[in-house]
Amino acid sequence: DTKEMLLTALRIFGAIPGQILEAKGKIQENHDVLESEHNSFMDKFKKALRKAFGISEKPVFYQITVTDQDSDTKHHEKLDYFQFLNELENKARRYSSVGVRKAPGYEKIAQQKEDKILEYVNQQIQDCQKLIKTLNGLDDFFKNAPVPSNRPKIKGLKMEITAIKNSVVKANQHRSEYSAYIEEESQLRKLGISND
């Protein structure tokens, strides 16, 4: 069942939300460590005023270095901290919805044609690979950004990154098996041979 091969790849994403939320928690703790370095009386006063008047937090940007494993090139990226946290929350919610049978998101995708499911799985694999690069860059950033006395307080993200990477590898294996099977079937049809 070729469709089931793709749906199996889809369900693998159901293992990712826990890792994403764990990473998000560590990122918030690391952010708090960095913020504690800017904790003068004036900083506290400004924070209290913003809270009292319901003014949203001012944007926080981190300059991270992202490495492309394929080409071994590095480039710098400006990461909007609060926007990134929202993206993590949304990803975790989406994967919870599509990674479990009988969940509304899963059912919706399972009703679609194989090519649409394949397109969705491909997109999620790409998104996760981009997320892994960003998390790696953020992990390196947090290890180097604090003053030396605060570095032991920083929590690494390597375990979560590895777990997400493993899920992506598994999903990719199922996608590759599907593609190989479809390709083989296509070749056999061209030769006039049928599997029936």
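Use the structure listed above.
Residues numbered from 1 in each chain as written. Predicted model: local features only at pLDDT ≥ 70, side-chain atom pairs only at ≥ 80, totals over all residues. Heavy atoms only, no water.

Caption draft 1: Geometry of unusual backbone geometry. Phi at Lys102 takes a positive value of approximately 75 degrees, unusual for a residue other than glycine. You can see Lys102 is positioned in the loop between helix H4 (81-98) and helix H5 (104-110). (Helix = DSSP H or I, 4+ residues; strand = E, 2+ residues; numbered from the N terminus.)

Caption draft 2: Layout of the environment of Gln173. Topologically, Gln173 is positioned in helix H7 (residues 158-190). Considering only alpha carbons, one finds Gln173 and Met5, 168 residues apart in sequence, at a separation of 9.8 Å.

Caption draft 3: Focus on the environment of Leu34. Mapped onto the fold, Leu34 is located in helix H2 (residues 16-36). Note on Leu34: relative accessible area 8%, which makes it buried. Setting aside its immediate chain neighbours within four residues, Leu34 contacts Tyr62, Phe141, Phe142, Ala145 and Pro146. (Buried < 20%, exposed > 50% of the residue type's maximum accessible area, 1.4 Å probe, protein only. Contact = heavy atoms within 4.5 Å.)

Caption draft 4: Helix H1 (residues 2-12), seen in detail. Those residues of H1 not exposed but buried are Thr2, Leu6, Leu7, Ala9, Leu10, Arg11 and Ile12. Where H1 is buried, its residues contact H2, H4, H5, helix H6 (114-144) and H7.

Caption draft 5: Geometry of the nonpolar core. In this structure, Ile27, Tyr62 and Leu135 are the most contacted members of the largest nonpolar core, which totals 47 residues. If you list the elements that add at least two residues to this core, you get H1, H2, strand S1 (61-68), H4, H5, H6 and H7. Here this core takes twelve residues from H6, the largest share from any one element. Those residues in contact with Ile27 that sit more than four places away from it in its chain are Tyr81, Phe84, Leu85, Leu88, Leu135, Leu138, Phe142 and Leu157. (Core = buried A, V, L, I, M, F, W, Y, C linked by side-chain atoms within 4.5 Å.)

Caption draft 6: A look at the pattern of salt bridges. For the structure shown, the criterion picks out nine salt bridges. Close ionic contact of Glu160 with Lys26 constitutes a salt bridge, the shortest N to O distance being 3.1 Å. With Glu160 in helix H7 and Lys26 in helix H2, the pair connects residues that are 134 residues apart, well separated along the chain. Comparing Glu160 with Lys26 shows no difference in burial state: the two are buried. (Salt bridge = Lys/Arg side-chain N within 4 Å of Asp/Glu carboxyl O.)

Caption draft 7: Summary view of the packing of aromatic side chains. As enumerated under the stated definition, the model contains six aromatic pairs in all. Where Tyr62 meets Phe141, the ring centres are 4.7 Å apart and the plane angle is 40 degrees; that geometry is what we call tilted. Taken as a pair, Tyr62 in strand S1 and Phe141 in helix H6 lie far apart in primary sequence, 79 residues in all. Overall, the relative accessible area of 6% leaves Tyr62 in the buried class. Between the NZ or CZ atom of Lys78 and the centre of the ring of Phe61, over which it lies, the distance is 4.8 Å. Directly above the aromatic system of Tyr95 lies the positively charged group of Arg94, at a separation of 5.3 Å from the ring centroid. (Phe/Tyr/Trp six-rings, centres within 6.5 Å; stacked < 30°, edge-to-face > 60°. Lys NZ or Arg CZ within 6 Å of the ring centre and 35° of its normal.)

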